[in-house]
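Structure at a glance
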Amino acid sequence: QVQLVESGGGLVQAGVSLRLSCAASGLSFSNYVMGWFRQAPGKEREFVAAISKSGRYTYYADSVKGRFAISRDNAKNTVYLQGNSLKPEDTANYYCAANPQSWYDGNYNHSKVYDYWGQGTQVTVSS
(Lines give C-alpha, C1' and ligand atoms only; values in the text may rest on other atoms or scores of the structure.)
Protein backbone atom coordinates (compact mmCIF):
# COMPACT_ATOMS: atom_id res chain seq x y z
CA GLN A 1 0.00 0.00 0.00
CA VAL A 2 1.41 3.33 -1.07
CA GLN A 3 0.95 6.00 1.56
CA LEU A 4 1.85 9.67 1.64
CA VAL A 5 1.24 11.31 5.00
CA GLU A 6 1.54 15.07 5.40
CA SER A 7 2.13 16.79 8.70
CA GLY A 8 3.18 20.15 10.10
CA GLY A 9 0.19 22.31 9.25
CA GLY A 10 -1.45 24.64 11.71
CA LEU A 11 -2.75 28.10 12.49
CA VAL A 12 -0.10 30.81 12.24
CA GLN A 13 0.08 34.57 11.94
CA ALA A 14 1.04 36.31 8.73
CA GLY A 15 4.77 36.80 8.34
CA VAL A 16 5.90 33.68 10.16
CA SER A 17 7.28 30.41 8.82
CA LEU A 18 6.05 26.84 8.71
CA ARG A 19 7.60 23.59 7.57
CA LEU A 20 5.44 20.81 6.18
CA SER A 21 6.57 17.21 5.91
CA CYS A 22 5.35 14.32 3.78
CA ALA A 23 6.44 10.81 4.71
CA ALA A 24 6.17 8.21 1.94
CA SER A 25 5.95 4.44 2.21
CA GLY A 26 5.15 1.55 -0.11
CA LEU A 27 7.02 2.95 -3.10
CA SER A 28 10.58 3.40 -4.28
CA PHE A 29 10.75 6.99 -3.14
CA SER A 30 13.84 8.04 -5.09
CA ASN A 31 12.15 6.98 -8.35
CA TYR A 32 9.44 9.64 -8.01
CA VAL A 33 9.30 13.32 -8.66
CA MET A 34 7.56 14.82 -5.65
CA GLY A 35 5.20 17.76 -5.67
CA TRP A 36 3.15 19.94 -3.37
CA PHE A 37 -0.29 21.25 -4.25
CA ARG A 38 -2.79 23.28 -2.27
CA GLN A 39 -6.51 23.92 -2.31
CA ALA A 40 -8.25 26.82 -0.61
CA PRO A 41 -11.98 26.91 0.16
CA GLY A 42 -13.97 27.61 -2.97
CA LYS A 43 -10.91 27.42 -5.23
CA GLU A 44 -9.39 24.86 -7.54
CA ARG A 45 -6.38 22.83 -6.51
CA GLU A 46 -3.20 24.59 -7.57
CA PHE A 47 0.41 23.61 -8.00
CA VAL A 48 2.90 24.90 -5.44
CA ALA A 49 6.29 23.25 -5.94
CA ALA A 50 8.04 20.18 -7.34
CA ILE A 51 11.41 18.55 -6.84
CA SER A 52 13.28 16.11 -9.07
CA LYS A 53 14.01 12.55 -8.05
CA SER A 54 17.52 13.29 -6.85
CA GLY A 55 16.59 16.66 -5.37
CA ARG A 56 18.83 18.51 -7.80
CA TYR A 57 16.08 20.51 -9.53
CA THR A 58 13.10 22.42 -8.20
CA TYR A 59 10.24 24.42 -9.68
CA TYR A 60 7.81 26.82 -8.01
CA ALA A 61 4.55 28.51 -8.74
CA ASP A 62 4.95 32.26 -9.17
CA SER A 63 2.75 32.87 -6.15
CA VAL A 64 5.26 31.26 -3.78
CA LYS A 65 8.57 31.79 -5.56
CA GLY A 66 11.12 33.31 -3.23
CA ARG A 67 9.09 32.46 -0.13
CA PHE A 68 8.73 28.68 -0.28
CA ALA A 69 11.38 25.99 -0.60
CA ILE A 70 10.87 22.32 -1.42
CA SER A 71 13.44 19.74 -0.38
CA ARG A 72 13.68 15.99 0.03
CA ASP A 73 15.61 13.43 2.01
CA ASN A 74 15.61 10.19 0.06
CA ALA A 75 17.21 8.30 2.95
CA LYS A 76 14.16 9.21 5.05
CA ASN A 77 11.57 8.88 2.25
CA THR A 78 10.40 12.37 3.10
CA VAL A 79 9.71 15.54 1.15
CA TYR A 80 9.40 18.94 2.83
CA LEU A 81 7.87 22.30 2.06
CA GLN A 82 9.26 25.30 3.90
CA GLY A 83 7.04 28.35 3.78
CA ASN A 84 8.37 31.74 4.85
CA SER A 85 6.71 35.14 5.11
CA LEU A 86 3.35 33.42 5.04
CA LYS A 87 0.36 35.39 3.82
CA PRO A 88 -3.37 34.91 4.37
CA GLU A 89 -3.52 33.93 0.69
CA ASP A 90 -1.43 30.86 1.56
CA THR A 91 -4.30 29.47 3.61
CA ALA A 92 -5.19 26.09 2.11
CA ASN A 93 -5.10 22.37 2.54
CA TYR A 94 -1.64 21.28 1.36
CA TYR A 95 -1.15 17.94 -0.39
CA CYS A 96 1.99 16.09 -1.38
CA ALA A 97 2.01 13.84 -4.44
CA ALA A 98 4.29 11.36 -6.21
CA ASN A 99 4.96 11.44 -9.97
CA PRO A 100 6.83 8.58 -11.73
CA GLN A 101 7.68 10.56 -14.87
CA SER A 102 11.08 11.92 -15.71
CA TRP A 103 11.73 15.48 -14.58
CA TYR A 104 12.59 16.21 -18.22
CA ASP A 105 9.02 15.47 -19.32
CA GLY A 106 8.23 18.88 -17.86
CA ASN A 107 4.71 18.19 -16.61
CA TYR A 108 5.45 18.37 -12.90
CA ASN A 109 3.17 21.38 -12.41
CA HIS A 110 0.11 19.39 -13.54
CA SER A 111 -1.79 17.24 -11.11
CA LYS A 112 -2.64 14.67 -13.80
CA VAL A 113 0.90 13.24 -13.84
CA TYR A 114 0.91 12.44 -10.12
CA ASP A 115 -0.13 8.89 -9.28
CA TYR A 116 -0.28 9.05 -5.50
CA TRP A 117 -1.60 11.69 -3.11
CA GLY A 118 -1.57 12.31 0.59
CA GLN A 119 -4.56 13.22 2.71
CA GLY A 120 -3.52 16.82 3.16
CA THR A 121 -2.55 19.07 6.04
CA GLN A 122 -4.31 22.34 6.76
CA VAL A 123 -2.40 25.62 6.85
CA THR A 124 -4.29 28.67 8.08
CA VAL A 125 -2.59 32.07 8.03
CA SER A 126 -4.30 34.84 9.97
CA SER A 127 -3.84 38.55 9.29
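Structure report, in brief. Keep in mind that what you see is a predicted model, and the values were worked out from it rather than measured.

**With respect to the state of the cysteines**
Applying the stated criterion across every chain, the model contains one disulfide. Put simply, C22 and C96 are joined by a disulfide, and their sulfur atoms are 1.8 Å apart. Disulfide C22-C96: the torsion about the S-S bond is 45 degrees, which places it as right-handed. A residue pair is termed long-range when its members are at least 10 positions apart, and C22 in strand β3 (residues 18-25) and C96 in strand β9 (residues 92-99) qualify at 74 residues.

**A look at the packing of aromatic side chains**
Counted under the stated rule, the structure contains ten aromatic pairs. Judged by centre distance (5.5 Å) and plane angle (75 degrees), the rings of F37 and F47 are edge-to-face. Taken as a pair, F37 in strand β4 (residues 33-39) and F47 in strand β5 (residues 46-51) lie far apart in primary sequence, ten residues in all. Residue class for F47 comes out buried when judged on its relative accessible area of 10%. Aromatic pair W103 and Y108: ring centres 3.8 Å apart, planes at 10 degrees, arrangement stacked. Looking at W103, the relative accessible area reads 11%, which means it is buried.

**A few points about the sheet that holds strand β1 (residues 3-7)**
As summarised here, the arrangement of the four strands in space is β1-β3-β8-β7, forming an open sheet in which the pairing is antiparallel. Strand pairing shows two members of the sheet lacking a second neighbour, β1 and β7 (68-73), which therefore form its edges. Shown here is a sheet whose adjacent strand axes are inclined to one another by a mean of 15 degrees, direction ignored.

**Notes on the side chain of E6**
Position of E6 among the secondary structure elements: in strand β1. Despite its burial, E6 pairs with no opposite charge; the closest candidate is R45, at 9.4 Å N-O. Separated by 2.8 Å, the side chain of E6 and the backbone nitrogen of C96 make a polar contact. Reaching out from E6, the side chain makes a polar contact with the backbone nitrogen of Q119 at a distance of 2.9 Å. When near neighbours in sequence (up to four residues on either side) are disregarded, E6 contacts S21, C22, W36, Y94, Y95, C96, G118, Q119, G120 and T121.

Thresholds applied
- Residues numbered from 1 in each chain as written.
- Predicted model: local features only at pLDDT ≥ 70, side-chain atom pairs only at ≥ 80, totals over all residues.
- Heavy atoms only, no water.
- Disulfide = S-S within 2.5 Å.
- Helix = DSSP H or I, 4+ residues; strand = E, 2+ residues; numbered from the N terminus.
- Phe/Tyr/Trp six-rings, centres within 6.5 Å; stacked < 30°, edge-to-face > 60°.
- Buried < 20%, exposed > 50% of the residue type's maximum accessible area, 1.4 Å probe, protein only.
- Pairing = 2+ DSSP bridges.
- Axes fitted to C-alpha atoms, helices over the stretch in contact; angles between N-to-C directions.
- Lys, Arg positive; Asp, Glu negative; His and termini not counted.
- Salt bridge = Lys/Arg side-chain N within 4 Å of Asp/Glu carboxyl O.
- Polar contact = N/O pair within 3.5 Å; in protein donor to acceptor, adjacent residues only side chain to side chain.
- Contact = heavy atoms within 4.5 Å.

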